[in-house]
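# A look at the structure
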Amino acid sequence: MGIGFSQDLPSPDAKSVWSYIKDVDYTKWELFPGTTYMYKGQSPHGAYLTSFINKPGSSSLSDSEFANGTIIVKENYMSDKKLAAITVMYKYKGYNQDAGDWFWGKYSPQGEVQASGKLPPCIGCHSAVKDSDWSFLKSNLKK
């Protein structure tokens, strides 16, 4: 566990993060502000998306950076509205200072790890919104 984290937050690794979001049932978290269920998505995430944010994240939306422990879970759907993947951003202090301390994960709907960690494609794309703490959704709130 990182310093200053609640004992129930996961370590920044794929299996721990998946277990955590399933155990707490992320679908009970609030939708990311400004989004709805099955809103129109774009590549690389999917034709439709549903994005959830945990309490530390929603409580720090107006801050310059998300709070440590913020988790954003995005359900990625195909054009036929079938769930294709679940992607996660998890802010963990000291994890990756060059990329806002974000851990990225991509899972199959069944929880198989497809990619995780300090992912160059995620970091490269999200670097365009560094000023919104690497979050396109937070960036959209400023518009």
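Keep in mind the model is a prediction, meaning the values are calculated, not measured.

Conventions used here
- Residues numbered from 1 in each chain as written.
- Predicted model: local features only at pLDDT ≥ 70, side-chain atom pairs only at ≥ 80, totals over all residues.
- Heavy atoms only, no water.
- Helix = DSSP H or I, 4+ residues; strand = E, 2+ residues; numbered from the N terminus.
- Rg over C-alpha atoms; globule rule 2.2 N^0.38 Å.
- Contact = heavy atoms within 4.5 Å.
- Lys, Arg positive; Asp, Glu negative; His and termini not counted.
- Charge placed at Lys NZ, Arg CZ, Asp CG, Glu CD.
- Phe/Tyr/Trp six-rings, centres within 6.5 Å; stacked < 30°, edge-to-face > 60°.
- Buried < 20%, exposed > 50% of the residue type's maximum accessible area, 1.4 Å probe, protein only.
- Lys NZ or Arg CZ within 6 Å of the ring centre and 35° of its normal.
- Core = buried A, V, L, I, M, F, W, Y, C linked by side-chain atoms within 4.5 Å.
- Pairing = 2+ DSSP bridges.

## Some remarks on the overall build of the protein chain
- Within the protein chain one finds four helices and seven strands.
- Sequence-ordered secondary structure for the protein chain, helices as α and strands as β, is α-β-β-β-α-β-β-β-β-α-α.
- Taking 2.2 N^0.38 as the reference for a compact globule, 143 residues should give roughly 15 Å; the C-alpha atoms of the protein chain span a radius of gyration of 14 Å, in line with that estimate.
- Principal axes of the C-alpha set define a box for the protein chain whose edges measure 45 × 35 × 30 Å.
- Intrachain contacts of the protein chain at a sequence separation of at least 6 include 43% that bridge at least 24 residues.
- The average position of the 16 basic charges and that of the 14 acidic charges among the side chains of the protein chain differ by 5 Å.

## Brief notes about the packing of aromatic side chains
- Evaluated as defined, the whole model comprises eight aromatic pairs.
- Aromatic side chains Y90 and Y92 sit 5.7 Å apart centroid to centroid with 65° between the ring planes, which places their arrangement in the edge-to-face category.
- Classification of Y92 as buried rests on a relative accessible area of 9%.
- One residue, K81, lies across the ring of Y48, its end atom 4.9 Å from the ring centre.
- One Lys or Arg, K138, reaches over the ring of F66 and ends 4.4 Å from the middle of that ring.

## Considerations on the nonpolar core
- Formed by 18 residues in total, the largest nonpolar core has its most connected members in I21, W29, I71, V73, V88 and Y90.
- Residue assignment for this core shows that the elements contributing at least two residues are helix 1 (14–23), strand 4 (71–77), strand 5 (83–91) and strand 6 (102–107).
- Per-element accounting of this core gives the leading share, five residues, to helix 1.
- With sequence-adjacent residues up to four places away left out, I71 is seen in contact with Y20, I21, W29, F52, I53, N54, V88, M89 and Y90.

## Some words on the pairing of strand 5
- Of all nine residues making up strand 5, seven are buried, and the element is well covered by its neighbours.
- Sheet analysis places strand 4 next to strand 5, joined by seven bridges and oriented antiparallel. Its bridge partner lying in strand 5, I72 is registered against M89.
- In sequence, strand 4 turns back onto strand 5 through a hairpin of five residues, with K81 there showing a positive phi of about 65°.
- Summarising the sheet, strand 5 and strand 6 pair through six bridges and their orientation is antiparallel. Bridge assignment links T87 to a residue of strand 6, and that residue is K106.

These figures capture arrangement, not role.
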